[in-house]
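# What the coordinates show
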Amino acid sequence: MLGPPPLQGLKVLEFAGLAPGPFAGLLLADAGAKVLRIDRHAPGDSAPPAPDMLTRHKSSIAVDLKSADGVKLISELAKTADVIIDPFRPGVLEKLGLGPDVLHAANPRLIYGRMTGFRRDGRYASMAGHDINYLAVSGVLSLLGRSCEKPHPPYNILGDFAGGGATLFQGILLAVINREKTGRGQVVEANMVDGANYLATFPRQLLKTSTGDRPRGQNVLDGGAPYYDTYETKDGKYMAVGALEPQFYVALVKGLGLSSESWVERRYDRETWPEMRRKFTASFQSKTRLEWEKIFDGTDACCTPILEYSELETDADRGGDQRPAVALRETPCLAVEQNVTDASIHGQGPGVPGRGYIGNDLAPGQGGEEALSSWFGWAKGKDFEIKNGRYLLKSKSKL
C-alpha cells in the first residue's frame, strides 16, 4: 500500500513572483506540501490572475502587504508555517516588518527561503536582471553557442529553474532535514548565479583539460565533435548524435552506411572532423527522421530523434506523459497526468487538467478559504474576512 506524499503536512507561504520562486513552490507542492501563494491585493472582487502558470496543487490569498492589517495576517500565518519563499530583491520583506529576524522570533522552526538572481553580497546585488544576465556573470553563458558565433542563451531553463528554483528547493529540503536534528529553522539563501555555476562544475573544470580547452563550440561536448552534434534530416527534422565511446561510434557509422571510412581509430583526430561532419550531414539529409529512427532504434549508436513538444503531447507512442521528476515507489509525489495506471511511477492522486502541457491560472484568493480552514481551522466571518478580494485577520482571531 502506498503512503502519503513525502512532504505531506509541510506548510509553505509562497510570496507571488515569477519563474524561480513559483517553481520552488511547485516542487514542494508536487511532493505533497500545502502551498499558499500570497498575492498582492488588487482593488475589486475579480482581480486578474498573476502571470504565473506554475500553480498546480496550490491555493492563494490576496493581501495588501503595504497595510498594517496585511502584515499582521502574514505574521499570524508565519507563526505555524514551516517554510516561506521570498522572491523579492534583498530588503523588501524586511522593510515590511516580515524579515527573518522578526518571524523567527515568533516561530523558531520557520525555514525562510530567499531567492535572488545575483548574489546578495556581490557587485550586482542591487541591480535588476533576468536569466540571461545571471548566466552571463556566472561564466556559464560563455560556454554556450556555436564556434565563431556569439554566446546563445538556452531559454530560461538553466538560470531561473535549474540554478534558481530547483536549487532553492534543495536548500529548503536540507533545512528541513537539519530541523529534525536541531528543532530550529534557518534562512536559506539561493541565487541563480551560484546555482547555475554549481551546475557547470564539470564543464568549468573541463576547461583545464584537453577535452574542453578549445574555444566555445570547438570541444568534444559542445558541438565541436561531429559525433556529438545534431543533424537535419530530409524532411527538415533533426537527429541527435552522442556516439562518444568507440563501440557506439562503430554502431553510428554502420547505421549511416559509412563503415568503409577509416575514422574509428582517428575519431579524436581533429583533422578528420571537417570531412566527417560533411559526410554525416549528407548522409542524414538522405533520409527522413522516421527512416533514421527505424535504423537506429534498438541500437547502441546513441542516435535519437529530436522530438518536439507538440509530438510528445499528441502521440501516445512517444512517451510524452508528464511524471514526477523522481519516482518514490512507496510514497510517490502527486500525479500530473490524470487517470494514471501505476501511481508508484506516475504519481498519486487525480492529476491536473492540461497534463502538464497547459498551465492553469490561479486567481488571487482562489482556494484561500479552504486553505485557512485546513491550516488553522479558521472560519470566514469568525476568524478572518474578505473585503473587496482582500483577506483580513479579524482582531478577535486566536490561533
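The present account deals with the structure reproduced in this document. Predicted, not measured: the structure shown is a model, and the values here were computed from it.

Basis of the calculations
Residues numbered from 1 in each chain as written. Predicted model: local features only at pLDDT ≥ 70, side-chain atom pairs only at ≥ 80, totals over all residues. Heavy atoms only, no water. Core = buried A, V, L, I, M, F, W, Y, C linked by side-chain atoms within 4.5 Å. Buried < 20%, exposed > 50% of the residue type's maximum accessible area, 1.4 Å probe, protein only. Helix = DSSP H or I, 4+ residues; strand = E, 2+ residues; numbered from the N terminus. Contact = heavy atoms within 4.5 Å. Patch = residues over 30% accessible without salt bridge, like charges linked within 9 Å, V, L, I, M, F, W, Y side chains within 5 Å. Areas by Shrake-Rupley, 256 points an atom, 1.4 Å probe, with all protein chains shown as cover. Salt bridge = Lys/Arg side-chain N within 4 Å of Asp/Glu carboxyl O. Pairing = 2+ DSSP bridges. Axes fitted to C-alpha atoms, helices over the stretch in contact; angles between N-to-C directions. Parallel < 35°, antiparallel > 145°, perpendicular 65-115°, else oblique. Left-handed = near helix turned anticlockwise from the far one by under 90°. Nonpolar A, V, L, I, M, F, W, Y, C, P; charged D, E, K, R; others polar. Polar contact = N/O pair within 3.5 Å; in protein donor to acceptor, adjacent residues only side chain to side chain. Phe/Tyr/Trp six-rings, centres within 6.5 Å; stacked < 30°, edge-to-face > 60°.

This part takes up the nonpolar core. Nonpolar side chains tend toward joint burial in soluble globular proteins. Among the nonpolar cores identified, the biggest contains 28 residues, and L13, F15, L36, I38 and L77 are the most heavily contacted of them. Mapped by element, the contributors of at least two residues to this core are strand 1 (11–15), strand 2 (34–40), strand 3 (58–63), helix 2 (68–78), helix 14 (368–376) and strand 11 (390–393). When residues in this core are grouped by element, the largest group, five residues, is from helix 2. Once you skip the residues sitting within four places of it in the chain, L36 turns out to touch V12, L13, E14, S59, S60, I61, L77, A371, L372 and W375. One finds V12, A33, I85 and M115 within the second-largest nonpolar core, a separate group that totals 26 residues.

Moving on to a nonpolar patch on the surface. There is a patch of nonpolar side chains on the surface, built from F202, L221 and Y228 and spanning about 280 Å² of accessible area. Inspection of the secondary structure assignment puts L221 in the loop between helix 8 (201–206) and strand 7 (228–232).

Before going further, it helps to spend a moment on the sheet that holds strand 2. An order of 3-2-1-4-5-6 is seen for the six strands of this open sheet, with the pairing classed as parallel. Edge positions in the open sheet fall to strand 3 and strand 6 (187–191), since each of these has one partner strand only. Neighbour-to-neighbour, the strand axes of this sheet turn through a mean angle of 20°, independent of strand direction. Contacts from helix 7 (residues 192–199) reach strand 5 (111–116) and strand 6, with the element oriented near 70° to strand 6.

This part covers the sheet that holds strand 7. Taking strand neighbours across the sheet as the criterion, the three strands line up as 7-8-9 in an open arrangement whose pairing is antiparallel. Strands at the two margins of the open sheet, each flanked by one partner only, are strand 7 and strand 9 (303–305). With strand direction ignored, the average angle separating the axes of adjacent strands in the sheet is 25°. In this structure, strand 7 lies alongside strand 8 (residues 238–242), joined through five bridges in antiparallel fashion. Residue pairing in the sheet places E232 in a bridge with Y238 of strand 8. Of the strands in this sheet, strand 7, strand 8 and strand 9 touch helix 10 (residues 273–284), which is tilted by about 40° from strand 7. With respect to the sheet, helix 11 (residues 289–296) is in contact with strand 8 and strand 9, its orientation differing from that of strand 8 by roughly 35°.

Across the six residues of strand 3, six count as buried, placing the element largely inside the fold. Covered by surrounding structure in strand 3 are K58, S60 and A62 together with S59, I61 and V63, the residues of both alternating faces. Summarising the sheet, strand 2 and strand 3 pair through six bridges and their orientation is parallel. Looking at strand 3, one finds that D39 is bridged to A62.

Moving on to the packing of helix 1 (residues 20–30) against helix 6 (residues 157–182). Two elements in contact, helix 1 and helix 6, have axes separated by 8 Å at closest approach and are oriented at 50°. As judged from the angle between their axes, helix 1 and helix 6 are oblique. Helix-helix and strand crossings are classified by hand; for helix 1 and helix 6 the assignment is right-handed. Of the residues in helix 6, those in contact with P20, F23, A24, L27 and L28 of helix 1 are D160, F161, G164, G165, A166, L168, F169 and I172. Here the residues of the contact of helix 1 with helix 6 are counted per class, giving 10 nonpolar, two polar and one charged.

Evaluated as defined, the whole model comprises 20 salt bridges. The partner of K79 in a salt bridge is E76, with the nearest N and O atoms 3.0 Å apart. A relative accessible area of 16% places E76 in the buried class.

Turning to unusual backbone geometry, a few remarks are in order. Here H57, not a glycine, exhibits a phi torsion of approximately 65°, which is positive. Structurally, H57 is set in the loop between strand 2 and strand 3. The backbone phi angle of N388 is positive, close to 55°, even though this residue is not glycine. Note on placement: N388 falls in the loop between strand 10 (384–387) and strand 11.

Glancing now at the side chain of E14. Following the sequence through the fold, E14 ends up in strand 1. Residue classification places E14 among the buried residues on the basis of a relative accessible area of 0%. Polar side-chain contacts of E14 include one of 2.7 Å to the side chain of K58. E14 has contacts with G21, P22, G25, V35, L36, R37, I38, D52, K58 and I85, leaving out every residue within four places of it along the chain.

Per the stated rule, a full pass over the model turns up 16 aromatic pairs. Between Y227 and Y249 the ring centres are 5.6 Å apart and the planes differ by 90°, which places this aromatic pair in the edge-to-face class. One end of the pair, Y227, is in the loop between helix 8 and strand 7; the other, Y249, is in helix 9 (residues 246–255), with 22 residues separating them in the sequence. Here Y227 matches Y249 in class, with each residue buried.

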